[in-house]
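Here is how the chains run, residue by residue.
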Amino acid sequence: MADPGPLLSLDDVHFRWPGRAPFSLNVPEFRVAAGETVLLLGESGSGKSTLLSLICGTILPQEGTITLLGTEISALKGAARDRLRAERIGVIFQQFNLLPFGTVADNVLLPLRFAPQRRARVKAPRDEVRRLCRALKLPDDLISARAALLSVGQQQRVAVARALIGQPPFIVADEPTSALDAESQGAFLDLMFERLRESGASLLMVSHDARLGARFDRVAQLSDIAVIDRLAA
Amino acid sequence: MILRLCLASLTARALTVGMTVLAVALSVVLFLGVEKVRTGAKASFADTISGTDLIVGARSGSVQLLLYSVFRIGNATNNVTWASYQDIAARPEVDWIVPISLGDSHRQFRVMGTSAAFFEHYKYRQDRGLEVADGALMADLFDAVIGADVATTLGYAVGDPIIVAHGVASFTEHDDQPFRISGILEKTGTPVDRTVIVSMEAIEAIHVDWQSGARIPGQSTPIETIRQMDLTPQAVTAALIGVESPLQIFDLQRAINDYPEEPLLAILPGVALQELWGIVGIAETALLGVSAMVVVTALIGLMATIFSSLNERRREMAIFRAVGARPLTILVMLVLEAALTAAAGAIVGLGLLYLCLVVAQPLLDSAFGLWLPIERPSLQELWVVLGVIAAGAIVSLLPALRAYRMSVADGMMVRI
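Nothing here was measured: the structure is a model prediction, and the numbers come from that model.

1. Here we look at the overall build of chain A
Helix and strand counts for chain A come out as eight helices and ten strands. Computed over the C-alpha atoms, the radius of gyration of chain A is 18 Å, within 12% of the 17 Å expected from 2.2 N^0.38 for a compact globule of 233 residues. Across its three principal axes, chain A shows a C-alpha extent of roughly 55 × 35 × 35 Å. Taken over 233 residues, chain A has a buried fraction of 42%.

The following block contains the structure:
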């Protein structure tokens, strides 16, 4: 890219859940640079779900702008936001990442169904699935197994493969290690960072565990970025 | 891929989906089965008599005349005199005429007096004639030919004696003039199967010592004397007529209905059958309505199943949303699943229907003379199958819209 400007920027974002309990979230300014890995520290209930939903474009702020790779998400219509998310963001949840009835390959290939550009980047889908799974230390014979049969650790690694396939520029992870024991956490993050370096994607990860910070380019407190107001507005 | 995932999702919930499929299948079996029996019964009914252009009897209602002359249901209110019968037979339009004399019975079966022409001209199922399975047609005055059901129900064989009772439910028997079974007819699936056929003269002969429906006391004419007597019938109950040319049917009908000497009625069997179906049609429509309600119930069951699965599938929907699926995609997937379930149900139902037909066909035929043909699904049945699939998709719109709203509200984050 000619202009190495921020991958993601939020400016003067103000969001309130319509018609629900009084809760508003304000983000004056927040940026993630291209290729940067950022850890956001915050307890549950600190508005992380709302912030991630705003960044991924499943909810819209009442005020302010959210821009991803030069496209203003907050100005797009619903379908276009879904399309943008499909093309540019790989999402990893805390757990229950996979469709239990689909095979591992089904799950990994799922985003390509909704993202033609990512699909175009994958020449041989089956080979790419095998390559990613091997890189993430998943045995080959699991590829055609149903996702429900996998251990939690294996499921999280499949979720990483799904987020990375077709090389989206931005990975959003919501406490991906909290369902793992301490030992697996380290191994999991090693594998994930290895893959990130290979693809050059940025990572925004939310966690309550400050010990993970050493691996990241930058660690930020969620409470410094987002101001939560629970009083009646 | 979406289709494959839908199928995988359905097989993962095999038990509940299987139950829904079964419910839809059974409702389809019922609906198509009722329709099959309905059309089969109608066809069997219409096939009872063919080749006959007019039926003539004493003046009453056309349905009544049809019922007693062809179906042996109910009784004639009056007879047609032999003179009138001969007048009609002599008309130039008449190609053939078959007299029918009813009023006696054997056990639960009706006895019908007729002429040899009956076996030649009575046709059923388009152009099938009566065939003798065993023995021969009547040769002697006291010979009787019995229908297939009479033979099997009463265990009769050719050569057995048979005693005719006076009236339809009577203990007064014509026991002084026993008949001999000369032949047994092939099964036809018509009322002929349940009829004992004798000659017109035989009917006359057994009533020699009778007057006004009762035996003349003390009088018993020996059989040998009867054989010498003039046994020309005095009256007939009805007559079947074939005309020379179809163009003459209405002329002849009018002539008979306007017959000055005696009040007569001539009917076209097809028209009278239509009239009869008009009466039966109400029950038939009600039956069809009830089976349609069963299909609706099954579809509501399908809808309820989807509704109840929505909550446990919120995660699934969140995953789809996270990888970029639009809420509309989620709606389409749910509708697709419902359509697949309904399609499976409809196809299983169609299969079950054919299975039932194969099993029930011979039973229905022998028990009710109802022949249900096993043939390729008709266009109408295919429309029913398509209709069930479409209706399944439509009823699923309700839960699918709810899922749509849920997935808009939840986004990728499921709050439980």
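There's plenty left to go through after this.
2. Thoughts on the environment of Val-280 of chain B
Residue and element names in this part refer to chain B. Topologically, Val-280 is positioned in helix α10 (residues 269-310). By the C-beta count within 10 Å, which is 13 here, Val-280 ends up partly exposed. Expressed as a C-alpha distance, the spacing of Val-280 and Lys-42, which sit 238 residues apart in the sequence, is 10.0 Å.

3. Some details on the sheet that holds strand β10 (residues 227-229) of chain A
Residues and elements named next belong to chain A. Pairing is antiparallel in the open sheet, where five strands are placed in the order β5-β4-β1-β2-β10. The sheet terminates laterally at β5 (71-72) and β10, the two strands that pair on one side only. The sheet contact formed by strand β2 (residues 24-33) and β10 spans three bridges and is antiparallel. Across the sheet, residue Asn-26 finds its bridge partner in β10, namely Val-227.

4. Concerning the packing of helix α3 (residues 62-70) of chain B against α10 of chain B
All names here are of chain B. Closest axis-to-axis distance for the α3/α10 pair is 9 Å, and the angle between their directions is 105°. Classified by the angle their axes make, α3 and α10 are roughly perpendicular. Residue-level inspection shows Ser-62, Val-63, Leu-66 and Val-70 of α3 in contact with α10, the latter providing Pro-269, Ala-272, Leu-273, Glu-275 and Leu-276. Residue composition of the contact of α3 with α10, grouped by class: seven nonpolar, one polar and one charged.

5. Some remarks on helix α14 (residues 397-410) of chain B
Residues and elements named next belong to chain B. The first and last C-alpha atoms of α14 sit 19 Å apart over 14 residues, in line with the 20 Å expected at 1.5 Å per residue. Within the sequence span of α14, burial applies to Pro-399, Ala-400, Ala-403, Tyr-404, Ser-407 and Asp-410. Down the axis, α14 shows its buried residues gathered within 150° of arc, on one side only. Seen from the buried face of α14, the exposed residues on the opposite side, beyond 90 degrees, are Leu-398 and Arg-405. Of the residues one or two after α14, Gly-411 is the one with positive phi, at around 65°.

6. A few points about the nonpolar core
In terms of nonpolar packing, the biggest core is built from 109 residues, with Val-172 of chain A together with Val-24 and Val-28 of chain B touching the most fellow members. Of the residues forming this core, the biggest block, twelve residues, is contributed by helix α12 (residues 327-368) of chain B. If near-sequence neighbours (up to four positions away) are discounted, Val-28 of chain B is found in contact with Val-295, Gly-345, Ala-346, Gly-349, Leu-350 and Val-388 of chain B. One finds Tyr-85, Ile-88, Tyr-122 and Ile-197 of chain B within the second-largest nonpolar core, a separate group that totals 63 residues.

7. What about α10 of chain B?
Residue and element names in this part refer to chain B. If you check α10, its first and last C-alpha atoms are 59 Å apart, about what 42 residues at 1.5 Å a residue would give, namely 62 Å. Maximum bend of α10: about 45°, positioned at Val-280. What α10 keeps buried is the set Pro-269, Ala-272, Leu-273, Val-295, Ala-298, Leu-299, Leu-302, Met-303 and Ile-306.

8. Re the packing of helix α2 (residues 14-46) of chain B against α12 of chain B
Working note: a packed helix pair is described by the angle between its axes plus the distance between those axes. All names here are of chain B. Remark: α2 packs on α12, axes separated minimally by 7 Å, with the N-to-C direction vectors making an angle of 50°. One way to sum up the angle between α2 and α12 is to call them oblique. For α2 against α12, the interelement crossing comes out right-handed. Here Val-17, Thr-20, Val-21, Val-24, Ala-25, Leu-26, Val-28, Val-29, Leu-32 and Gly-33 of α2 come into contact with α12, specifically with Thr-341, Ala-342, Ala-344, Gly-345, Ala-346, Val-348, Gly-349, Leu-350, Leu-352, Leu-353 and Cys-356. Of the residues belonging to the contact of α2 with α12, the class tally is 16 nonpolar, five polar and no charged.

9. Things to note about unusual backbone geometry
Residues and elements named next belong to chain A. Despite not being glycine, Lys-137 has its phi angle at roughly 60°, a positive value. Positionally, Lys-137 belongs in the loop between α5 (125-135) and α6 (152-164). With 13 C-beta atoms counted inside 10 Å, the residue Lys-137 sits in the partly exposed group. Of note in the backbone geometry, Glu-175 takes a positive phi value of approximately 45° without being a glycine. Along the chain, the position of Glu-175 falls in the loop between β7 (170-174) and α7 (182-199).

10. Re the sheet that holds strand β8 (residues 202-207) of chain A
In a beta sheet, neighbouring strands pair by backbone hydrogen bonds and run either parallel or antiparallel. Residue and element names in this part refer to chain A. One open sheet accounts for five strands, arranged β6-β7-β8-β3-β9; its pairing is parallel. Here the strands that pair on one side only, and so sit at the sheet edges, are β6 (89-92) and β9 (218-221). Looking at each pair of strands side by side, their axes are set apart by 15° on average, direction ignored. Relative to β8, strand β3 (residues 37-41) is paired through five bridges, and the arrangement is parallel. Counterpart to Leu-40 in the pairing with β8 is Val-206. Docked against the sheet, α6 engages β6 and β7, running at close to 170° with respect to β6.

11. Comments concerning the interface of chain B and chain A
At the interface, 18 residues of chain B touch 23 residues of chain A. Within the residue set of the side of chain B that touches chain A, elements represented by two or more residues are α1 (2-12) and α11 (314-322) of chain B. A breakdown of the residues in the side of chain B that touches chain A according to their chemical character gives eleven nonpolar, three polar and four charged.

12. Considerations on the environment of Phe-96 of chain A
All names here are of chain A. With respect to the helices and strands, Phe-96 occurs in the loop between β6 and α3 (104-114). Since 16 C-beta atoms lie within 10 Å of it, Phe-96 is described here as partly exposed. In this structure the C-alpha to C-alpha distance between Phe-96 and Thr-177, which are 81 residues apart in sequence, comes to 12 Å.

13. Re the environment of Thr-65 of chain A
All names here are of chain A. Mapped onto the elements of the fold, Thr-65 is located in strand β4 (residues 63-68). Sequence separation of Thr-65 and Val-219 is 154 residues, and the distance between their C-alpha atoms is 23 Å. Those residues in contact with Thr-65 that sit more than four places away from it in its chain are Asp-11, Glu-72 and Ser-74.

Thresholds, definitions, all that
Residues numbered from 1 in each chain as written. Chains lettered and ligands numbered in written order. Predicted model: local features only at pLDDT ≥ 70, side-chain atom pairs only at ≥ 80, totals over all residues. Helix = DSSP H or I, 4+ residues; strand = E, 2+ residues; numbered from the N terminus. Rg over C-alpha atoms; globule rule 2.2 N^0.38 Å. Buried ≥ 20, exposed ≤ 12 C-beta atoms within 10 Å, placed from the backbone. Pairing = 2+ DSSP bridges. Axes fitted to C-alpha atoms, helices over the stretch in contact; angles between N-to-C directions. Parallel < 35°, antiparallel > 145°, perpendicular 65-115°, else oblique. Contact = placed C-beta atoms within 7 Å. Nonpolar A, V, L, I, M, F, W, Y, C, P; charged D, E, K, R; others polar. Expected span 1.5 Å × (residues − 1). Arc of directions from axis to C-beta. Core = buried A, V, L, I, M, F, W, Y, C linked by C-beta atoms within 7 Å. Bend = angle between axes of the 7 residues up to and from the residue. Left-handed = near helix turned anticlockwise from the far one by under 90°.

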